Amino acid sequence: MKHIRIIAPSSVTLEPQKKLAEMVEFLKSHQFEVSVLDDIFVAPPLPFYANIREIRLKQFQDALLAPEVDIIWAFRGGYGAAEIAIPAMDIIPAGKKIMIGFSDITVLHLLFNQHYKMLSIHGPVLTSLLDKHPSTIGKIQDILNGQKQSIKLNPQNDAAKANMSGELVGGNLTMLASMIGT
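The sections below set out a description of the structure shown in this document. It should be emphasised that the depicted structure is a prediction, and the values quoted were computed from it without experimental measurement.

Counting its regular elements, the protein contains seven helices and five strands. Going from N to C terminus, the protein has its helices and strands arranged as β-α-β-α-β-α-β-α-β-α-α-α. In the protein, which comprises 182 residues, the share counted as buried stands at 40%. Sequence-distant contacts in the protein: of pairs separated by 6 or more residues, those separated by 24 or more amount to 72%. Of the roughly 10,500 Å² of accessible surface on the protein, 56% is carried by carbon and sulfur atoms. Looking at charge distribution, the protein has the averaged site of its 17 positive side-chain charges lying 6 Å from that of its 17 negative ones.

Ile 6, Leu 27, Phe 32, Phe 41 and Trp 73 are the most contacted members of the largest nonpolar core, which totals 25 residues. For this core, the leading source of residues is helix α1 (residues 16–29), giving five residues. Not counting residues up to four positions away in its chain, the partners in contact with Trp 73 are Ile 4, Arg 5, Ile 6, Ile 7, Leu 27, Ile 100, Pro 124, Val 125, Leu 126, Leu 129, Ile 137 and Ile 140. One finds Ile 72, Val 107, Leu 108 and Met 118 within the second-largest nonpolar core, a separate group that totals 24 residues.

Estimated volume of the second largest pocket: approximately 410 Å³. Lining the second largest pocket are 14 residues, and of these Ile 151, Leu 153, Met 164, Ser 165 and Gly 166 lie nearest its centre.

Take the side chain of Thr 106 next. With respect to the helices and strands, the residue Thr 106 is situated in helix α4 (residues 106–115). In this structure Thr 106 comes out as buried when scored by relative accessible area, which is 0%.

A few words now on the pattern of salt bridges. Applying the stated criterion across every chain yields a total of seven salt bridges. In this structure, the salt-bridge partner of Asp 62 is Arg 5, at a minimum N-O distance of 2.5 Å. With Asp 62 in helix α2 (residues 53–65) and Arg 5 in strand β1 (residues 3–7), this pair connects stretches of sequence that are 57 residues apart. With its nearest N and O atoms 2.5 Å apart, the salt bridge here joins Glu 83 to Arg 56. Of this pair, Glu 83 sits in helix α3 (residues 82–88) while Arg 56 sits in helix α2, placing them 27 residues apart in sequence. Each member of the salt-bridge network shares a partner with another, and the members are Arg 5, Asp 62 and Glu 68.

Now for the environment of Tyr 79. Secondary-structure assignment places Tyr 79 in the loop between β3 (71–74) and α3. For Tyr 79, a relative accessible area of 53% gives the class exposed. Each C-alpha atom, one on Tyr 79 and one on Thr 136, is 24 Å from the other, the two residues being 57 residues apart in sequence. Sequence-distant contacts of Tyr 79, defined by excluding residues within four places in its chain, comprise Ser 10, Ser 11, Phe 48, Tyr 49 and Asp 104.

Another aspect to go through is the packing of aromatic side chains. In the structure shown here, the tally under the stated rule is four aromatic pairs. Their ring planes at 45° and their centres at 5.9 Å tell us that Tyr 49 and Tyr 79 sit as a pair that is tilted. Taken together, the positions of Tyr 49 in the loop between β2 (33–36) and α2 and Tyr 79 in the loop between β3 and α3 put the pair 30 residues apart, joining distant regions of the chain. Ring centres of Phe 60 and Phe 112 lie 6.3 Å apart, and the angle between their planes is 50°; this geometry places the pair in the tilted category. Taken together, the residues span a long stretch of sequence, with Phe 60 in helix α2 and Phe 112 in helix α4 at a distance of 52 residues. An aromatic cluster of three or more residues is present, and its members are Phe 60, Phe 112 and Tyr 116.

Conventions and cut-offs
Residues numbered from 1 in each chain as written. Predicted model: local features only at pLDDT ≥ 70, side-chain atom pairs only at ≥ 80, totals over all residues. Heavy atoms only, no water. Helix = DSSP H or I, 4+ residues; strand = E, 2+ residues; numbered from the N terminus. Buried < 20%, exposed > 50% of the residue type's maximum accessible area, 1.4 Å probe, protein only. Contact = heavy atoms within 4.5 Å. Areas by Shrake-Rupley, 256 points an atom, 1.4 Å probe, with all protein chains shown as cover. Lys, Arg positive; Asp, Glu negative; His and termini not counted. Charge placed at Lys NZ, Arg CZ, Asp CG, Glu CD. Core = buried A, V, L, I, M, F, W, Y, C linked by side-chain atoms within 4.5 Å. 1 Å grid on protein atoms, 1.4 Å probe; cavity = no way out; pocket = protein on both sides within 12 Å on 5 of 7 lines; lining within 4 Å. Points joined across faces, edges and corners; volume = space filled by probe spheres on them. Salt bridge = Lys/Arg side-chain N within 4 Å of Asp/Glu carboxyl O. Phe/Tyr/Trp six-rings, centres within 6.5 Å; stacked < 30°, edge-to-face > 60°.

In short, the description is geometric, and any link to function would need to be established separately.
Encoded structure:
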């Protein structure tokens, strides 16, 4: 059974504890072991963040250092993950892990892929998975279980009709552009 650690490296949502409880139950119903640190959200809530930067970094670090954690899944995107990326470069993860999320979580994908040399899935953050894309969990489970995934692309011009191969990297283009040279 794969172990997911839910982290909130970015922003928060209305009724975060209620949403979190729903997410934990949803993931458990799909045969995942789930853990969350008690201080995932600050009270009273901050205007833009799930918690102060130091606590968001501590949660990310704890997930990276916990040998039982296989998957680190972002609660929500929004603003804030970039603040913890540079200090997280000094962390040496305990084993291979996979990061899942999108939006500003892109900065953590770059950290995972380029610095830690670990895999990531540019997929739904948990608030989006639960609210908008619950059927996506099956595809994510297939990927995590090593089932081959393929994407059929239709060439839009002659140059694109050539045989090509490469690594497909997902991410938020605004975040990728802002990280150039970083």
